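Secondary and tertiary structure notes
Listed below, chain by chain, are the residues.
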Amino acid sequence: MVQVFGILPGRGLVLPRGAGTLAFGMSERAAQWAVATLADVRASWVCGLPWSFGAVYEGLELLVGGDHEGGLDTLVL
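Here's what I pulled together on the structure shown here. (Residues numbered from 1 in each chain as written. Predicted model: local features only at pLDDT ≥ 70, side-chain atom pairs only at ≥ 80, totals over all residues. Heavy atoms only, no water.)

**A word on the sheet that holds strand 2 (residues 12-14)**
Strands belonging to one sheet form pairs held by backbone hydrogen bonds; the direction of such a pair is parallel or antiparallel. For the record, the criterion: Here, strands pair whenever DSSP counts at least two bridges between them. A run of DSSP states H or I qualifies as a helix once it reaches four residues; a run of E qualifies as a strand once it reaches two. Both are numbered from the N-terminal end. Between the N-to-C directions of two axes lies an angle of 0 to 180 degrees, each axis being a line fitted to C-alpha atoms and, for a helix, fitted only over the stretch in contact.
Read from one edge of the open sheet, three strands run 1-2-3, paired in antiparallel fashion. Two strands lie at the open edges of the sheet, namely strand 1 (6-8) and strand 3 (21-23), each paired on one side alone. The average undirected angle you get between the axes of adjacent strands in this sheet is 15 degrees. Of the strand pairs in this sheet, strand 1 and strand 2 are connected by three bridges, and their pairing is antiparallel.

Spelled out as structure tokens, the structure:
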């Protein structure tokens, strides 16, 4: 069975395999913890974002980023 990501428009991203949800506004630490249950989290750099990280899950690259006050605000698959 193929595990998929679930897009929640305006709210975030449901991770496969019951790993939880990446919700807009969550902290970097909480986002990294959720993604780390699926794949190795790697440091990343994105211009204009105070923090970001990436991971690859079954060939699909995930980029997550945000700022320290507002939390997670960028998700790219």
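Structure shown, so let's carry the discussion forward.
**A short note on the nonpolar core**
This is how the line gets drawn: Buried Ala, Val, Leu, Ile, Met, Phe, Trp, Tyr and Cys residues form a nonpolar core when they are joined through side-chain atoms within 4.5 Å. Buried means the residue's accessible area, taken with a 1.4 Å probe over protein chains only, is under 20% of the maximum for its type, while exposed means over 50%, and partly exposed covers the values in between. Residue contacts are defined here by distance: any two heavy atoms, one from each residue, within 4.5 Å place the two residues in contact.
Counting residues in hydrophobic clusters, the biggest one holds 18 residues, and the most contacted among them are Leu-15, Leu-22, Ala-31, Val-35, Leu-62, Val-64 and Leu-72. Of all the secondary-structure elements, those providing two or more residues to this core are helix 1 (28-36), strand 5 (51-57) and strand 6 (60-67). Here this core takes four residues from strand 5, the largest share from any one element. Residues in contact with Leu-22, not counting those within four places in the same chain, are Arg-11, Gly-12, Leu-13, Leu-15, Ala-31, Ala-34, Val-35, Leu-62, Val-64, Leu-72 and Leu-75.

**Points about the sheet that holds strand 5**
Ordered by their spatial adjacency, four strands build an open sheet running 4-5-6-7, and the pairing between neighbours is antiparallel. In this open sheet, the two edge strands, each paired with only one partner strand, are strand 4 (42-43) and strand 7 (71-76). Strands strand 5, strand 6 and strand 7 of the sheet are contacted by helix 1, whose axis makes an angle of about 10 degrees with strand 5.

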